[in-house]
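Secondary and tertiary structure notes
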Amino acid sequence: MTNRRNFLSGAGAITGALAAASVSKVAMAALPEPVLQTKPDTMPPLVPSGGRPYNPVVTLNGWTLPWRMNNGVKEFHLVAEPVVREMAPGFKANLWGYNGQSPGPTIEVVEGDRVRIFVTNKLPEHTSVHWHGQRLPNGMDGVSGLTQPPIRPGKTFVYEFVARRPGTFMYHPHADEMTQMAMGMMGFWVTHPKAEHPLIEKVDRDFVFLLNAYDVEPGSATPKIMTMLDFNLWSWNSRIFPGIDSLNVRLGDKVRIRIGNLTMTNHPMHLHGHEFLVTGTDGGPTPKSTRHYEVTTDVAVGQMRQIEFLADEEGDWAFHCHKSHHTMNAMGHDVPTLIGLDHKDVVKQITNLVPDYMVMGERGMADMGEMEMPIPDNTARMMTGEGPFGSVEMGGMFSVVKVRKNQKPGDYSNPGWFRHPKGTVAYEFDGSPPETARRRDAGAAAMPAQNMPAKNIEVQVRKPGSGHAGH
Ligand SMILES: [Cu+2]
């Protein structure tokens, strides 16, 4: 009875928002009822009702898995299964995940908690779960074939260990990983400190998300799993901008953002308007002597980073991966650069053959964001997002940290666009610019060249070009 009540009240914080339609519970004897969530909304933090108290995290476009207490053990139930994930409004992908979503729900526990996780496999092939970064008995490490037999379809396995050290972790399969991670199987794990910790500060907002990537051909809905580098959808928690929620904070809030990378390339994460400290990795809190202020930090493959900053500048601050190809959606790469080319005559000839043909990027790629291009159904637009001053020309791994003075205490709903104080927005100069003075000599160089080409050469930069293996 007590267990049941704890489980239900643990879920209580989100049941209001998880209305009957989006939650289904399947009774399974002796197992905690699996809680499912099918909406991509950012759910409010799941305030713990039992066990040691902690300050819960916010999973961007995701949620935290409720648990039940069973004789002092925190019990969770993960269900590995095919899911439909809305990656952006109007764009749905057939992925694999846990409990109705990709990524799966965040698991939050406290240092010293004994944790029991039931994993039911509803996939068409075997799986396992590896608890990335945890200290645990070797047989609980989830490496299929090495530390356990695989979990066959229809079977449930039990993992049990003590969450020994506080920090930022993740979980993912260690069985047919290439397929299962390319299909979206992963989730976040946070172990909160059991008491005040000299290296873990209290924060007002604690956001978590995973970096992931998919290769979904325009018009289709299922990722290609053989892709290694040339992904076309770069996502946070299987969402792409403008489908990623903003990170809403109050002016003066201490903010922590925890990021894990389960793609196959690194992501330099860049925050505008503030400097942050890297306060933790998957190895735990970083020693204070190693911390220095940055505005970009690289999150390499398989790594986790937690960054912290004081939100002391009001505004709508961009927060994104700094690889410019990772802030684009559904992009074909075998496209020559046409900037500066006049191709009116070419177009006339091609439109005789292909009536819908349209030339891309004569003035750069920005017109792509403005033009209503005919695209196949279920294709994410290459770059989208309508800001207060026009198209943002971004997609993929991009969102906005909204810092507001007048947000009511406890209210972290989206405050809308920032109202810039008068005279603080860049504006058009309406005089006439002076003639630019240019150097007439050989140009800037350490020394004159010994041999000059017979004739001056002028080249066109070809980018994005072919042979695109580098990102
Ligand atoms: Cu990136």
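Our subject is the structure listed above.
If you're wondering where the values come from, they're calculated on a predicted model, not measured in any experiment.

**Side note on the nonpolar core**
F76, L78, I107, I117, V119, W131 and W189 are the most contacted members of the largest nonpolar core, which totals 32 residues. Among the elements of the structure, β3 (73-88), β4 (91-98), β5 (107-110), β6 (114-121), β8 (156-162) and β9 (167-172) are those that each provide at least two residues to this core. Filtering out sequence-adjacent residues up to four positions away, I107 remains in contact with F76, L78, W131, Y171, F188, W189 and V190. Core analysis: the second largest hydrophobic core is formed by 28 residues, F231, V255, L271 and V401 among them.

**Quick word on the sheet that holds strand β7 (residues 130-132)**
Taken in spatial order, the four strands make up an open sheet running β5-β10-β9-β7, and their pairing is mixed. Edge positions in the open sheet fall to β5 and β7, since each of these has one partner strand only. The sheet shows a mean angle of 25 degrees between the axes of neighbouring strands, taken without regard to direction.

**Considerations on the sheet that holds strand β15 (residues 267-271)**
In space, the five strands of this open sheet follow the order β13-β23-β20-β15-β18, with mixed pairing throughout. Since the sheet does not close on itself, it has two edges, and those belong to β13 (247-250) and β18 (296-299), each with one partner. Going from strand to strand, the sheet's axes swing by 20 degrees on average, the running direction of each strand aside. Relative to strand β23 (residues 398-404), β13 runs parallel, the two sharing four bridges.

**Some thoughts on the packing of aromatic side chains**
Counting across every chain of the model gives 11 aromatic pairs. Look at W131 and F161: their rings are 6.1 Å apart centre to centre, the planes differ by 50 degrees, and that puts the pair in the tilted class. Residue W131 is located in strand β7, and its partner F161 is located in strand β8; the two are separated by 30 residues in the primary sequence. Like F161, W131 is buried. With a centroid separation of 5.3 Å and 55 degrees between ring planes, the pair formed by W236 and F319 is classed as tilted. Separated by 83 residues along the polypeptide, W236 in strand β12 (residues 233-236) and F319 in strand β20 (residues 315-321) bring together distant segments of the chain. Classification of F319 as buried rests on a relative accessible area of 0%. In this structure, K74 packs its charged tip against the face of W67, placed 4.7 Å from the ring centre.

**Considerations on the pattern of salt bridges**
All told, the structure shown has 15 salt bridges when counted by the stated rule. For the salt bridge of R68 with E75, the shortest nitrogen-to-oxygen distance reads 2.6 Å. Each member of the pair, R68 as well as E75, carries the same accessibility label: buried. For K74, the salt bridge is made with D113, and the minimal N-O distance between the two is 2.6 Å.

**Things to note about the environment of W317**
Inspection of the secondary structure assignment puts W317 in strand β20. For W317, a relative accessible area of 23% gives the class partly exposed. In sequence terms W317 and V403 are 86 residues apart; their C-alpha atoms lie 7.7 Å from each other. Those residues in contact with W317, other than ones at most four positions away along the chain, are H272, G273, H274, S399, V400, V401 and V403.

**Looking at the side chain of D282**
As for its position among the elements, D282 is in the loop between β16 (277-281) and β17 (284-285). Engagement of the side chain of D282 in a polar contact is seen with the side chain of H132, the distance being 2.9 Å. A distance of 3.3 Å separates the side chain of D282 from the backbone nitrogen of M304, its partner in a polar contact. Those residues within four positions of D282 in sequence are excluded, and the remaining contacts are H132, G133, R165, T168, F169, G302, Q303, M304 and R305.

**A closer look at the pairing of β15**
For β15, the tally of buried residues reaches five of five residues, placing the bulk of the element in the interior. Neither face of β15 is exposed, since H267, M269 and L271 on one face and P268 and H270 on the opposite face are all buried. Inspection of the sheet shows β15 paired to β18 by four bridges, in the antiparallel sense. Within β18, the position partnered with H267 by the bridge is V299. By the bridge criterion, three bridges tie β15 to β20 in an arrangement that is antiparallel. Looking across to β20, one finds that H270 is bridged to H320.

Parameters and conventions
- Starting afresh in each chain, residues are numbered from 1 along the sequence in its written order.
- Restriction of local features to residues with pLDDT of at least 70 applies here, the model being predicted, together with a cutoff of 80 or more for giving and counting side-chain atom pairs; totals for whole chains, interfaces and linings are based on all residues.
- Heavy atoms from the whole structure form the basis of all side-chain values; hydrogens and water molecules are not counted.
- Buried Ala, Val, Leu, Ile, Met, Phe, Trp, Tyr and Cys residues form a nonpolar core when they are joined through side-chain atoms within 4.5 Å.
- Only protein chains enter the accessibility calculation, which uses a 1.4 Å probe; a residue is then buried when its area is under 20% of its type maximum, exposed when over 50%, and partly exposed in between.
- For the purposes of this entry, the term helix denotes a DSSP run of H or I that reaches at least four residues, the term strand denotes a run of E that reaches at least two, and both are numbered from the N terminus.
- We call two residues in contact whenever any of their non-hydrogen atoms come within 4.5 Å of each other.
- When DSSP finds two or more bridges between two strands, those strands count as paired.
- Lines fitted to the C-alpha atoms define the axes, with helices restricted to the stretch that makes contact. Angles between their N-to-C directions range from 0 to 180 degrees.
- Pairing of aromatic rings covers Phe, Tyr and the six-membered ring of Trp, with a centre-to-centre limit of 6.5 Å; geometry is then stacked below 30 degrees between planes, edge-to-face above 60, and tilted otherwise.
- Lysine NZ or arginine CZ positioned within 6 Å of the ring centre and within 35 degrees of the ring normal marks a charge as sitting over the ring.
- Each reported salt bridge corresponds to a side-chain nitrogen of Lys or Arg within 4 Å of a carboxyl oxygen of Asp or Glu.
- The definition of a polar contact used here is a pair of N or O atoms within 3.5 Å, where within protein one atom must be able to donate a hydrogen and the other to accept one, and adjacent residues in sequence count solely through side-chain atom pairs.

Just geometry here; none of it tells us what the structure is for.
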